[in-house]
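An overview of the molecular structure
For reference, the chains in residue letters:
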Amino acid sequence: MKKVTLLLALSLLLVSCAKEMSREEQLAINNKNISAANKIYSGFSKEDIANAVTKTLELIDPSDSKFAHYENKIIMIRRYFFTLLFNTVIGSDCWVVTFEKLNDQDVSVSLSVSIAQAAGMVPVGNTTASTNPDKTSVPSECESRLFFKRVDYFLGIEKKWISCKEAKKFMQDNNYYSDNPSSPFPLLCGDNYFGIEAKDPQ
């Protein structure tokens, strides 16, 4: 696990003021996010897709990620910590990718991520942590779109890898939704948060 600097950690606290969205606007965004987190692949075996998903997830943060492989599911857990003033924040991202074979040709793939964090005082010998309730959801539309573009790359569908440096332009060119347009890819690229060291394929 990597230690993020105080400056980067403090940037997590900067939340821009925004007008509260209506129910209709929230539902529209939720539908976009859910749609983007699900994709059907035709002409590829479940194992081919699972291998491509694994390669995509491995590059998010190679040194801090652990995998669990199941018949119809891949789970990746990435742990991190950072120090904020006198508190140490310990957290984890849990990626869950599920597969469902629809027929001889089609495989449905679904993506979700749960985020857990605990905070405690640094000076005490054994930190007493209070854990927030886990937040389980699909990523924002732009992050899911980038995730599947990268899976497509390893399947040979896409010829060009979209790096984290190119990802923001990818979002803007396609008008994909992000919860935070100034930092649209926290889970895949880190955007300097949580000690992610995203890699590109060799």
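Data block above holds the structure.
Our subject in this report is the structure included herewith.

**Considering the overall build of the chain**
Counting its secondary structure elements, the chain contains five helices and eight strands. What you see in the chain, going N to C, is helices and strands ordered as β-α-α-β-α-β-β-β-β-β-β-α-α. Expressed as a percentage of contacts within the chain between residues at least 6 apart in sequence, the contacts between residues at least 24 apart total 61%. Carbon and sulfur atoms make up 53% of the accessible area of the chain, which amounts to about 11900 Å² in all.

**Here's the deal with the state of the cysteines**
Should the sulfur atoms of two cysteines be covalently bonded, the bond is a disulfide. Per the counting criterion, the structure on display carries one disulfide. At a sulfur-sulfur separation of 2.1 Å, the disulfide partner of Cys164 is Cys189. When the S-S torsion is -90°, as for the bridge of Cys164 with Cys189, the disulfide is left-handed. Of the two residues, Cys164 is situated in helix α5 (residues 164-174) and Cys189 in the segment after α5; the sequence distance between them amounts to 25 residues. Classification of Cys164 by relative accessible area gives partly exposed; the value is 27%. Between Cys142, a free cysteine, and Cys189, which holds the nearest cysteine sulfur, the sulfur-to-sulfur gap is 9.6 Å. You can call Cys142 buried: its relative accessible area is 0%.

**Observations concerning the packing of aromatic side chains**
This structure, assessed with the given rule, holds eight aromatic pairs. Measuring from centroid to centroid gives 5.4 Å for Tyr153 and Trp161, while their planes differ by 75°, and the two rings are edge-to-face. Three or more aromatic residues link up through ring pairs in this structure, and these residues are Tyr41, Phe44, Trp95, Phe147 and Phe148.

**Topic: the nonpolar core**
Counting 31 residues, the largest nonpolar core has Val53, Leu57, Trp95, Phe99 and Phe147 as its most contacted members. Taken together, the elements giving at least two residues each to this core come down to α3 (46-58), β4 (73-84), β5 (87-101), β6 (106-121), α4 (141-155) and α5. Of all the elements, α4 adds the most residues to this core, at six residues. Ignoring any residue separated from it by four or fewer positions in sequence, one finds Leu57 in contact with Phe67, Ile74, Met76, Trp95, Val97 and Phe147.

Conventions and cut-offs
Residues numbered from 1 in each chain as written. Predicted model: local features only at pLDDT ≥ 70, side-chain atom pairs only at ≥ 80, totals over all residues. Heavy atoms only, no water. Helix = DSSP H or I, 4+ residues; strand = E, 2+ residues; numbered from the N terminus. Contact = heavy atoms within 4.5 Å. Areas by Shrake-Rupley, 256 points an atom, 1.4 Å probe, with all protein chains shown as cover. Disulfide = S-S within 2.5 Å. Buried < 20%, exposed > 50% of the residue type's maximum accessible area, 1.4 Å probe, protein only. Phe/Tyr/Trp six-rings, centres within 6.5 Å; stacked < 30°, edge-to-face > 60°. Core = buried A, V, L, I, M, F, W, Y, C linked by side-chain atoms within 4.5 Å.

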